[in-house]
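Next come the chains, spelled out residue by residue.
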Amino acid sequence: MAGLALLPDIWLWHLGVSGWPLALAILWWVPSLLLLLAEVGLQMGFFHKLSVRILFTTILFSVMPKVVFILFDFMMPWFFALLPALALMGWFAFGFIEGWKRLEIRYVTYESPDLPPYFDGYRLLHFTDFHLGSFPKDSDFVQKVVDAANNEEPDMMLFTGDLVNNDAREVEPYLETLKQLHAHDGIFSVWGNHDYCEYGNNHTIAGLRNNWKLLYNYQCQLGWHQLMNDHFTVSHGMASIDIIGVENAGQPPFSNRSKLPKAMKGLKKEGFKILLTHDPHHWRREVWDRPIQLTLAGHTHAGQLQIGKWTPARMAFKEWGGVYRKGSQMLNVSSGIGGSFPFRLGAWPEMTVITLKRTLK
């Protein structure tokens, strides 16, 4: 990535930057040097949070405006070509200042003849990818999310992973706020790749285990039902639905801890099932061939950047955001609430309210 990002700098250097005064010419290469150091930091596993923020900030505010300038420079004088590049930087600045706080609620209906009559009209709230370590300490955004979720008055809340970024202690400032979340039939959660806290600077087995224990205990304090390759049956009289949860079902370079057969052990084939999984790749890889009607996932953040129908998430995921169907099965991929750094543009933070409807066979 860093090598490609250097190309605009090299082009503009030969175009005229090389003739600048020495001090300015040295400053020109500072963003590229930061980008290289950030990528090395990520590859070596050092300072993940800082490296991610430097990497993407440099791409957004240095690399992409330079690319835009080069494109327009072919068509008009250089001083006019600067205008769209500066406008792009201003647009990105909105994403850093306001975009990550622009919470949206998406509404979806899923119809199935397998749904028990009691659950006709049942409302699920799907939320994911909080990434609590990303938010400024004085932000009230988490409270805003909690209030919005409770205002929907769902029957059940379902969280599909990445509560934190790098450290379980990121939950602590928000414990009392998150305790306010409530749903009649409870809140169920699974873990995402960040929840295993492998991106921090403490990679020792003891450090990792301590983080896992802390995060598990924090979610217990919140009253969330953590499904670690397990299932839970929600019953009302003779009617019931099954909530299945797997640990992170990642693709390389992310670890795969999911054990779906174990999570489904003992379930009847004909029951109505909802699967919570963090990575949407899991749907194609293992879910298509199983009697699971509804799958919920996150992980993609919809790239945190969307321009029309384009998003960088499309380059890595076939199912990156929204609703996908295969026969009678449905997958909902939420773009999530937070991200590795506080930035959203087009791919606004979101939660999804899914209404279940029973249809005749």
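Check the entry above for the structure.
Everything numeric in this text was worked out from a predicted model, so none of it was measured. (Residues numbered from 1 in each chain as written. Predicted model: local features only at pLDDT ≥ 70, side-chain atom pairs only at ≥ 80, totals over all residues. Heavy atoms only, no water.)

This next bit is on the overall build of the protein. The number of helices and strands found in the protein is ten helices and twelve strands. For 361 residues, the compact-globule formula gives about 21 Å, and the C-alpha radius of gyration of the protein, at 23 Å, lands near that figure. If you line up the protein on its principal axes, its C-alpha atoms span 80 × 45 × 35 Å. Taken across its 361 residues, the protein has 52% of its residues classed as buried. Side chains of the protein carry 32 positive and 32 negative charges; the gap between the two charge centres is 5 Å. (Helix = DSSP H or I, 4+ residues; strand = E, 2+ residues; numbered from the N terminus. Rg over C-alpha atoms; globule rule 2.2 N^0.38 Å. Buried < 20%, exposed > 50% of the residue type's maximum accessible area, 1.4 Å probe, protein only. Lys, Arg positive; Asp, Glu negative; His and termini not counted. Charge placed at Lys NZ, Arg CZ, Asp CG, Glu CD.)

Attention now goes to the sheet that holds strand β5 (residues 225-226). Taking strand neighbours across the sheet as the criterion, the six strands line up as β1-β12-β2-β3-β4-β5 in an open arrangement whose pairing is mixed. Strands with a single pairing partner mark the edges of an open sheet, and in this sheet they are β1 (104-112) and β5. In the sheet, strand β4 (residues 187-189) pairs with β5 via two bridges, with the strands oriented parallel. Opposite S189, over in β5, you have Q226 as the bridge partner. Taken strand by strand, helix α6 (residues 141-151) contacts β1, β2 (123-127), β3 (156-159) and β12 (350-358), and its axis lies near 15 degrees from that of β12. (Pairing = 2+ DSSP bridges. Contact = heavy atoms within 4.5 Å. Axes fitted to C-alpha atoms, helices over the stretch in contact; angles between N-to-C directions.)

Going through the model one piece at a time under the given rule, you end up with ten salt bridges. Salt-bridge contacts for E286 lead to R290; the nearest nitrogen and oxygen are separated by 3.8 Å. A relative accessible area of 22% places E286 in the partly exposed class. (Salt bridge = Lys/Arg side-chain N within 4 Å of Asp/Glu carboxyl O.)

On to unusual backbone geometry, then. One non-glycine residue, E153, lies in positive phi territory at about 50 degrees. By the element assignment, E153 lies in the loop between α6 and β3. Classification of E153 by relative accessible area gives exposed; the value is 64%. For Q304, which is not glycine, the phi torsion reads 60 degrees and is therefore positive. By the secondary structure assignment, Q304 is in the loop between β9 (294-297) and β10 (322-326).

The subject of this paragraph is the packing of aromatic side chains. Evaluation of the coordinates by the stated rule reveals 29 aromatic pairs. Between the aromatic rings of F127 and F159, the centroid separation amounts to 5.0 Å while the plane-to-plane angle is 55 degrees, which identifies the pairing as tilted. Of this pair, F127 sits in strand β2 while F159 sits in strand β3, and the two are 32 residues apart along the sequence. Relative accessible area serves as the criterion here: at 0%, F159 is assigned to the buried category. Taken together, a centroid distance of 6.0 Å and an interplanar angle of 15 degrees make the contact between F341 and F343 stacked. (Phe/Tyr/Trp six-rings, centres within 6.5 Å; stacked < 30°, edge-to-face > 60°.)

We now examine the environment of W20. Its location among the elements puts W20 in the loop between α1 (2-15) and α2 (22-28). The class of W20 is partly exposed, set by a relative accessible area of 38%. Between the alpha carbons of W20 and P117 there is a distance of 74 Å; along the sequence they are 97 residues apart. In this view, W20 contacts A25 and W28; residues no more than four positions away in its chain are not counted.

On to the sheet that holds strand β11 (residues 329-333), then. The strands making up a sheet are joined through hydrogen bonds of the backbone, oriented either antiparallel or parallel. Reading across from one edge, β6-β7-β8-β9-β11-β10 is the order of the six strands in this open sheet, with mixed pairing throughout. The sheet terminates laterally at β6 (230-236) and β10, the two strands that pair on one side only. With direction set aside, neighbouring strand axes in the sheet form an average angle of 20 degrees. In this sheet, β11 lies alongside β10 in antiparallel orientation, the contact comprising five bridges. Bridge assignment links Y324 to a residue of β11, and that residue is L331.

Take the pairing of β12 next. Of the pairings in the sheet, the one linking β1 to β12 comprises nine bridges and is parallel in character. Residue pairing for β12: Y110 is matched across the bridge by L356. Across four bridges, β2 lies against β12 in antiparallel orientation. Bridging from a neighbouring strand, R123 pairs with T355 of β12.

This part covers the side chain of H301. Structurally, H301 can be placed in the loop between β9 and β10. A relative accessible area of 8% means that H301 is categorised as buried. Leaving out residues up to four positions away in the same chain, H301 has contacts with D129, H131, S335, G338, G339, S340, R344 and A347.

This paragraph deals with the state of the cysteines. Tallied over the full model, the rule gives zero disulfides. Not part of a disulfide, C197 finds its nearest cysteine sulfur in C220, a span of 15 Å. The exposure class assigned to C220 is partly exposed, which follows from its relative accessible area of 41%. (Disulfide = S-S within 2.5 Å.)

For the rest of this paragraph, the subject is the nonpolar core. Core analysis: the biggest nonpolar cluster contains 35 residues, and F127, F130, L163 and L178 have the highest contact counts within it. Within the residue set of this core, elements represented by two or more residues are β2, α6, β3, α7 (175-178), α8 (205-222) and β12. If one sorts the elements of this core by residue count, α6 sits on top with six residues. Those residues in contact with L178 that sit more than four places away from it in its chain are F130, L132, V142, V146, L163 and L222. (Core = buried A, V, L, I, M, F, W, Y, C linked by side-chain atoms within 4.5 Å.)

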